[in-house]
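Residue-level listing of the chains:
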Amino acid sequence: MEKGLIKAIETAESIAIFPHTSADGDAIGSSLALALALKKTGKKVIVYMEESIPDTYKFLPGSELAVFISENDDIMGLNIALDTGDTARLASRAALFFKAPATINIDHHITNTKFAQYNHVDASAASTGELVFLLLKEMNYEIDADMAKCLYTAIVTDTGGFKYGNTTAETHRTAAELLSTGIDVADLSQKLFDNTTFVKLKLTQKAIELLELYENDLLAVTVITQDVLQSTGAKDEDCDGLVNIGRSIEGVEVSVLIKEKSTNEIRVNLRSKTYVDVSEIAAAFGGGGHKRAAGCTIKGRITDVKEQLINTIKDKLKRR
Ligand SMILES: [Mn+2]
């Protein structure tokens, strides 16, 4: 990693870590691990969240270091964005991010815009957690079991439990080293993957009902309106992972989840199976991501957004 980046961390006395908005296991896990490691060296550290930590991840060590922007307006000596492809993913915290005298961006999204003073972007890493792991090693920080739990969470969630194509031998070597700190993998896996709520299950049921196939069954589309969320009592974070249901269908290449955040703001999650680069589709709508997993936020009415997306994806499905 760049010397300047390491030095910026070493010299900063107060550091704020920024995971992306709608933070997932990688964003939260890598942020909490880094926060715990820096705190141990005596630095003042906070994790600036856009939203509260999703219930699934609240058990993670270090979650007490998470704060909301409204609770703390202190300008820190260094701001570090993790797992964040562009400033739009910093959402309402974007302006504050750039107020620090030094900024760092550590990420693995291929579409990363390198918006910070120091940028470490490695699209070959399966997760940002792995990049934080390497950073801690390079800085000679000892990774304890609490940090390992967070980093393992980052890796295991972004690889879909070591199932996705981003999983490499290095990913497994890193995971092995994390496990050797003595963390209970069965307990962790159960908390992360086998711990649904009845409300989320009801939302999943509804999502399956609403799923439609297009383009000779190559494209799965699920539209979740505010009405659907309200009728099931589900929260925004309960939509996490629903896009994978469409992709799991035999023969489907692209799955898209279209979620109404408000009447005029639509969040889109994209997944592909073997050949469509969904980061290109997301980028065409101002978003970004990875080849097999990407997302974007589109202004407009949900029915129009759905039509635009289907038209764009249609072309990509043909180019095989
Ligand atoms: Mn990630």
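No experiment lies behind these values; they were computed from the predicted model shown. (Residues numbered from 1 in each chain as written. Predicted model: local features only at pLDDT ≥ 70, side-chain atom pairs only at ≥ 80, totals over all residues. Heavy atoms only, no water.)

Student: What is the right way to look at the overall build of the protein in this model?
Tutor: Broken down by element type, the protein carries 12 helices and 12 strands. Rg of the C-alpha trace for the protein: 19 Å, near the compact-globule value of 20 Å for 320 residues, within the 12% margin. Within the protein, buried positions represent 52% of all 320 residues. Across the protein, the fraction of contacts at a sequence separation of at least 24, relative to all contacts at a separation of at least 6, is 65%. When the accessible surface of the protein is summed, it comes to about 14,100 Å², and 49% of that surface belongs to carbon and sulfur atoms. Computed over 36 positive and 45 negative side-chain charges, the inter-centroid distance for the protein is 2 Å. (Helix = DSSP H or I, 4+ residues; strand = E, 2+ residues; numbered from the N terminus. Rg over C-alpha atoms; globule rule 2.2 N^0.38 Å. Buried < 20%, exposed > 50% of the residue type's maximum accessible area, 1.4 Å probe, protein only. Contact = heavy atoms within 4.5 Å. Areas by Shrake-Rupley, 256 points an atom, 1.4 Å probe, with all protein chains shown as cover. Lys, Arg positive; Asp, Glu negative; His and termini not counted. Charge placed at Lys NZ, Arg CZ, Asp CG, Glu CD.)

Student: Help me understand the domain arrangement of the protein in this model?
Tutor: Interface size is commonly expressed as the accessible surface area that is lost when the partners come together. The domain architecture assigned to the protein consists of domain 1 (3-193) and domain 2 (198-318). Spacing between the C-alpha centres of domain 1 and domain 2 amounts to 26 Å. The partner domain 2 presents 10 residues to the nine residues of domain 1 that form the contact. Taking both sides of the interface into account, the surface hidden between domain 1 and domain 2 amounts to around 900 Å²; carbon and sulfur atoms contribute 40%. (Domains from an automatic or database assignment. Buried area = accessible area lost by both parts, 1.4 Å probe.)

Student: What should I look at first to understand the sheet that holds strand β3 (residues 66-68) in this one?
Tutor: Within a sheet, neighbouring strands are paired by backbone hydrogen bonds and run either parallel or antiparallel to one another. The parallel open sheet is built from six strands, whose spatial order is β3-β2-β1-β4-β5-β6. Sheet topology places β3 and β6 (118-121) at the edges, where each strand pairs with a single neighbour. When the angles between neighbouring strand axes are averaged without regard to direction, this sheet yields 25°. Across four bridges, the pairing between strand β5 (residues 102-107) and β6 is parallel. Looking across to β6, one finds that D107 is bridged to V121. The strands touched by helix α1 (residues 3-11) within the sheet are β1 (14-19), β4 (78-82), β5 and β6, with β6 carrying the most contacts at an inclination of about 115°. (Pairing = 2+ DSSP bridges. Axes fitted to C-alpha atoms, helices over the stretch in contact; angles between N-to-C directions.)

Student: I would appreciate a short explanation of the pattern of salt bridges in the present structure.
Tutor: Any two side chains of opposite charge can pair if their charged atoms end up close together. A complete count under the given rule lists 13 salt bridges for this structure. A salt bridge links R93 to E50; its shortest N-O distance comes to 2.8 Å. One end of the pair, R93, is in the loop between β4 and α3 (94-97); the other, E50, is in the loop between β2 (44-49) and β3, and 43 residues separate them in sequence. Given a relative accessible area of 0%, R93 falls into the buried group. (Salt bridge = Lys/Arg side-chain N within 4 Å of Asp/Glu carboxyl O.)

Student: What should I look at first to understand the packing of helix α5 (residues 145-158) against helix α6 (residues 169-179) in this one?
Tutor: A pair of packed helices is characterised by two quantities: the angle between their axes and the separation of those axes. Two elements in contact, α5 and α6, have axes whose closest approach is 9 Å; the angle formed by their N-to-C orientations is 155°. By the criterion of interaxial angle, the relationship of α5 to α6 is roughly antiparallel. Relative to α6, the crossing made by α5 is left-handed. Every residue of α6 that contacts α5 at A148, L151, Y152 and I155 is listed here: T171, T174, A175, L178 and L179. Partitioned by chemical class, the residues of the contact of α5 with α6 number seven nonpolar, two polar and no charged. (Parallel < 35°, antiparallel > 145°, perpendicular 65-115°, else oblique. Left-handed = near helix turned anticlockwise from the far one by under 90°. Nonpolar A, V, L, I, M, F, W, Y, C, P; charged D, E, K, R; others polar.)

Student: In this structure, what is going on with the nonpolar core? I would like to understand it.
Tutor: One broad trend across soluble globular proteins is that nonpolar side chains are buried collectively. If you look at the biggest cluster of nonpolar residues, it comprises 52 residues, and the most contacted ones within it are I9, I17, L34, L78, I80 and I104. Tallying contributions element by element places helix α2 (residues 25-40) first for this core, with nine residues. Those residues within four positions of I17 in sequence are excluded, and the remaining contacts are S31, L34, A35, L38, V45, I46, V47, Y48, I80 and L82. In this structure, V256, I258, I310 and I313 belong to the second largest nonpolar core, which totals 23 residues. (Core = buried A, V, L, I, M, F, W, Y, C linked by side-chain atoms within 4.5 Å.)

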